[in-house]
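# Report on the structure
Residue strings, one per chain:
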Amino acid sequence: MKFLRWLAVLLPQLLVILLLGSSFDLLGGWTSTDAATGLVMTLFILSPLVAGVRLVAEWFAGNRGSRIVASALLVEALAIDLFILSQLQMH
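Each chain has its residues counted from 1, following the order in which its sequence is written. With pLDDT at 70 or above as the cut-off, local features in this predicted model cover only qualifying residues; side-chain atom pairs require 80 or more to be listed or tallied, and sums for whole chains, interfaces and linings still use all residues. Computation of side-chain values covers all heavy atoms of the structure but excludes hydrogens and water.

### Observations concerning the environment of L14
- As for its position among the elements, L14 is in helix α1 (residues 2–23).
- Residues L14 and S47 lie 33 residues apart in sequence; the distance between their C-alpha atoms is 9.4 Å. Every helix listed is a DSSP run of H or I at least four residues long, and every strand listed is a run of E at least two residues long, numbered separately from the N terminus.

Written out as structure tokens, the structure reads:
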């Protein structure tokens, strides 16, 4: 359970750090590779998924305070994904 808690906190933060690093060109040319696109897509999908799993796990565990934190993490992950979707440009 502890690993799931840390993972749910870490994944959205990694996605934000990756996006900020690429927007300020701090990652060199790595962001224009297929590996970077795959990593962003993986984090894009896994962030809300893991946060949702944590919310369900906390719900069944019965920890009311942890449920609030898990709900906030789910909202954060969805907000980051919504921001990414709003920045996409169709060519």
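### Things to note about the confidence of the model for the protein chain
- Residue-level confidence of the predictor is what pLDDT reports, using numbers from 0 through 100. Scored by pLDDT, the protein chain comes out at a mean of 88, with 97% of its residues at no less than 70.
- The secondary structure element of the protein chain with the lowest average pLDDT is α1, at 90, and the one with the highest is helix α3 (residues 64–87), at 93.

### Comments concerning the side chain of D81
- Considering the arrangement of structural elements, one finds D81 in helix α3.
- Despite being buried, D81 has no salt bridge partner; R54 is the closest side chain of opposite charge, sitting 16 Å away.
- Whether two residues touch is decided by their heavy atoms; if any such pair falls within 4.5 Å, the residues are in contact. Ignoring any residue separated from it by four or fewer positions in sequence, one finds D81 in contact with L15, F44 and P48. Exposure categories follow from relative accessible area, calculated using a 1.4 Å probe and restricted to protein chains: below 20% of the type maximum is buried, above 50% is exposed, and the middle band is partly exposed. In this tally, Asp and Glu contribute negative charge and Lys and Arg positive charge; neither His nor the terminal groups of the chain are included. Throughout this description, the term salt bridge denotes a Lys or Arg side-chain nitrogen within 4 Å of a carboxyl oxygen of Asp or Glu.

### Things to note about the layout of surface pockets
- What the largest pocket holds in volume is close to 410 Å³.
- In the cavity and pocket records, a cavity denotes points on a 1 Å grid over the protein atoms alone where a 1.4 Å probe fits but cannot get out, a pocket denotes an open set with protein on both sides within 12 Å along at least 5 of 7 lines, and lining residues are residues with an atom within 4 Å of a point. In terms of lining, the largest pocket is formed by 14 residues, of which the most central are L19, F83, I84, Q87 and L88.
- Of all the elements in the fold, those that place two or more residues in the lining of the largest pocket are α1, α2 (34–61) and α3.
- Side-chain classes follow a simple rule in which Ala, Val, Leu, Ile, Met, Phe, Trp, Tyr, Cys and Pro form the nonpolar group, Asp, Glu, Lys and Arg form the charged group, and the remainder, Gly included, forms the polar group. Partitioning the lining of the largest pocket into residue classes produces eleven nonpolar, three polar and no charged. Grid points are joined across faces, edges and corners, and a volume is the space filled by probe spheres set on the points.

### Here we look at the nonpolar core
- To define a nonpolar core, start from buried Ala, Val, Leu, Ile, Met, Phe, Trp, Tyr and Cys residues and group those joined through side-chain atoms within 4.5 Å. Counting residues in hydrophobic clusters, the biggest one holds eleven residues: A8, L11, L15, L18, V40, L43, F44, V50, L73, I80 and I84.
- Put simply, the parts of the chain that give this core at least two residues each are α1, α2 and α3.
- Discounting residues that sit within four places of it in the chain, L15 has contacts with V40, L43, F44, S47, I80, D81 and I84.

### Quick look at the packing of α2 against α3
- In this analysis, axes come from line fits to C-alpha atoms, helices being fitted only over the stretch in contact, and the angle between any two N-to-C directions falls in the range 0 to 180 degrees. Following both chains from N to C, one finds α2 and α3 inclined at 165 degrees, their axes separated by 9 Å at the closest point. The angle between α2 and α3 places the two elements in the roughly antiparallel class. In this structure, the crossing between α2 and α3 has a hand that is left-handed. On the side of α2, the interface is formed by F44, S47, P48, A51, G52, R54, L55, E58 and W59, while α3 contributes S66, R67, V69, A70, S71, L73, L74, A77, L78, D81, I84 and L85.
- A breakdown of the residues in the contact of α2 with α3 according to their chemical character gives 13 nonpolar, four polar and four charged. Just so you know how the angles are binned, under 35 degrees is roughly parallel, over 145 roughly antiparallel, 65 to 115 roughly perpendicular, and the rest oblique. For a crossing to be left-handed, the near helix must be turned anticlockwise from the far one by less than a right angle; the clockwise case is right-handed.

### Some details on α2
- The span expected for a helix works out to 1.5 Å for each residue beyond the first. If you check α2, its first and last C-alpha atoms are 40 Å apart, about what 28 residues at 1.5 Å a residue would give, namely 40 Å.
- The term bend refers to the angle at a residue between two fitted axes, each drawn through seven residues, those ending there and those starting there. The principal kink in α2, of about 25 degrees, is found at L46, preceding the proline P48 by one to four residues.
- Each element contacted by the buried residues of α2 is listed here: α1 and α3.

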